[in-house]
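Read off the chains here:
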Amino acid sequence: MDSKRVESISARVDAAGRSTDSVEDELELSAVRHRPEGLEQLEALTRFNRKELQILYRGFKNECPSGVVNEDTFKVIYSQFFPQGDASMYAHFLFNAFDTDKDGSVSFEDFVMGLSILLRGSVQEKLNWAFNLYDINKDGHITKEEMLDIMKAIYDMMGKCTYPLLKDDTPRQHVEIFFQKMDKNKDGVVTIDEFIDCCQNDENIMRSMQLFENVI
């Protein structure tokens, strides 16, 4: 994955196209509620280089001058990328996955840490992140209802751009198939080990998991 992907994501957020010399200059000149970690630390914690982090921060700061984004703002920004459907519910789930410390806001650190995994993480890291997204109540298990909620949200977001057009019961049918394969011991829930093992050994499910790269 090259830097063009990073620039593309930043361009989505940075609608005004404002440029700055460096992250440090912005922090010195702006009164922000949340100041991100130093570039060196973020470079060490992510798979982005200094220039890429500056590009990403430029777009993030333009939309979120306070240095953090709440869920309502996140939904507004994210919905702009999927005008053909209703992205609000998927944005809600995605926000919760990025909000790792559960304080009701996503900082720049939260944002780039998640993005680093989604764009440049290993298969294991991406699957761990996907499991966390599906595990809506964060109890360490995925229920069929949780999986259906996420699947419905994805289909609602994609709207009428899917071809062929999907029937209303398509999400439930997919969930039934996925859950039957993943719930190896048939106890009604999917553990992270069952989830990762099934995804790594089933090409069809792995291709479905790659959808995350297309909806971020």
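Here, residues in each chain are numbered from 1, in the same order as that chain's written sequence. Residue-level local features of this predicted model are given only where pLDDT is at least 70; pairs of side-chain atoms are given and counted only at 80 or more, and the full residue set underlies all totals for whole chains, interfaces and linings. Values reported for side chains reflect all heavy atoms of the structure, with hydrogen atoms and water molecules removed beforehand.

Draft legend 1. Structural view of the state of the cysteines. Pairs of cysteine sulfur atoms within 2.5 Å are what we label disulfides. On inspection of all chains with the given rule, the structure shows zero disulfides. Its sulfur unpaired, Cys198 is 5.8 Å from the next cysteine sulfur, which belongs to Cys199.

Draft legend 2. The side chain of Thr46, seen in detail. Within the element layout of this structure, Thr46 appears in the loop between α3 (39-45) and α4 (50-63). In protein, a polar contact means a hydrogen-donor-capable atom and an acceptor-capable atom, both N or O and within 3.5 Å, with residues adjacent in sequence counting only if both atoms are side-chain atoms; elsewhere, any N or O pair within 3.5 Å suffices. At 2.7 Å, the side chain of Thr46 and the backbone oxygen of Leu42 are in polar contact. Here Phe48 takes part through its backbone nitrogen, which lies 3.3 Å from a polar atom of the side chain of Thr46. In contact with Thr46, not counting residues within four places along its chain, are Leu53, Val112, Met113 and Ser116. Numbered from the N terminus, helices here are DSSP runs of H or I no shorter than four residues, and strands are runs of E no shorter than two. What makes two residues a contact is simply this: any of their non-hydrogen atoms within 4.5 Å.

Draft legend 3. Highlighting the UniProt feature "domain: EF-hand" (unreviewed entry) in the chain. UniProt positions are given in the numbering used here, feature names are shortened, and annotations may be inferred rather than shown by experiment. UniProt marks residues 86-121, 122-157 and 170-205 with the feature "domain: EF-hand" (unreviewed entry), using the numbering shown here. As a span, residues 122-157 carries 72% helix and 6% strand, and end to end its C-alpha atoms are 26 Å apart. Secondary structure across residues 170-205 comprises 72% helix and 6% strand; the distance between its end C-alpha atoms is 15 Å.

Draft legend 4. Focus on the nonpolar core. Counting residues in each nonpolar core, the largest one holds 54 residues, and the members touching the most others are Phe111 and Phe195. Per-element tally for this core: the top contributor is helix α9 (residues 144-158), with nine residues. Buried Ala, Val, Leu, Ile, Met, Phe, Trp, Tyr and Cys residues form a nonpolar core when they are joined through side-chain atoms within 4.5 Å. We call a residue buried when its accessible area falls under 20% of the maximum for its residue type, exposed when it is over 50%, and partly exposed in between, using a 1.4 Å probe and counting protein chains only.

Draft legend 5. Molecular detail of helix α7 (residues 108-120). Take the number of residues in a helix, subtract one, and multiply by 1.5 Å to get its expected span. The end-to-end C-alpha distance of α7, which contains 13 residues, comes to 17 Å, matching closely the 18 Å that a straight helix rising 1.5 Å per residue would cover. Within the sequence span of α7, burial applies to Phe108, Glu109, Asp110, Phe111, Val112, Gly114, Leu115, Ser116, Leu118, Leu119 and Arg120.

Draft legend 6. Spotlight on the pattern of salt bridges. Each reported salt bridge corresponds to a side-chain nitrogen of Lys or Arg within 4 Å of a carboxyl oxygen of Asp or Glu. Per the stated rule, a full pass over the model turns up seven salt bridges. A salt bridge links Glu40 to Arg50; its shortest N-O distance comes to 3.5 Å. One end of the pair, Glu40, is in helix α3; the other, Arg50, is in helix α4, with 10 residues separating them in the sequence. Take Arg50: its relative accessible area is 32%, and that puts it in the partly exposed class. Between Lys144 and Glu176 there is a salt bridge, with its nearest N and O atoms 3.2 Å apart. You can see Lys144 sitting in helix α9 and its partner Glu176 sitting in helix α10 (residues 170-182), a full 32 residues away along the chain.

Draft legend 7. The arrangement of the confidence of the model for the chain in detail. When pLDDT is averaged across the chain, the result is 81; 75% of the residues are at 70 or more. Residue-level confidence of the predictor is summarised by pLDDT, bounded by 0 at the bottom and 100 at the top. Scored below 50 in pLDDT, residues 15-32 makes 28 contacts in the model with residues more than four places away or belonging to other chains.

Draft legend 8. How the structure looks around unusual backbone geometry. The phi dihedral of Lys102 is positive, around 55°, even though this residue is not glycine. In this fold, Lys102 is placed in the loop between α6 (88-98) and β2 (105-107). Looking at Lys102, the relative accessible area reads 45%, which means it is partly exposed. A positive phi angle, close to 55°, is found at Lys186, a residue other than glycine. Judged by its relative accessible area of 54%, Lys186 is exposed.

Draft legend 9. Local environment of the packing of helix α5 (residues 71-79) against α6. All axes are obtained by fitting lines to C-alpha atoms, using only the stretch in contact for helices, and the reported angles, taken between N-to-C directions, cover 0 to 180 degrees. Between α5 and α6, the shortest axis-to-axis distance is 9 Å and the interhelical angle comes to 125°. Compared by their axis directions, α5 and α6 come out oblique. Pair α5 / α6 crosses with right-handed handedness. Listed contacts from α6 to Glu71, Phe74, Lys75 and Tyr78 of α5 are Ser88, Tyr90, Ala91, His92, Leu94, Phe95, Asn96 and Phe98. Following the grouping adopted for this structure description, the nonpolar residues are Ala, Val, Leu, Ile, Met, Phe, Trp, Tyr, Cys and Pro, the charged ones are Asp, Glu, Lys and Arg, and the polar ones are all others, Gly among them. Taken together, the residues that form the contact of α5 with α6 break down as seven nonpolar, three polar and two charged. In this scheme, roughly parallel covers angles under 35 degrees and roughly antiparallel covers those over 145, while 65 to 115 is roughly perpendicular and the rest are oblique. Note: crossing handedness is left-handed where the near helix turns anticlockwise from the far helix by less than a right angle, and right-handed where it turns clockwise.

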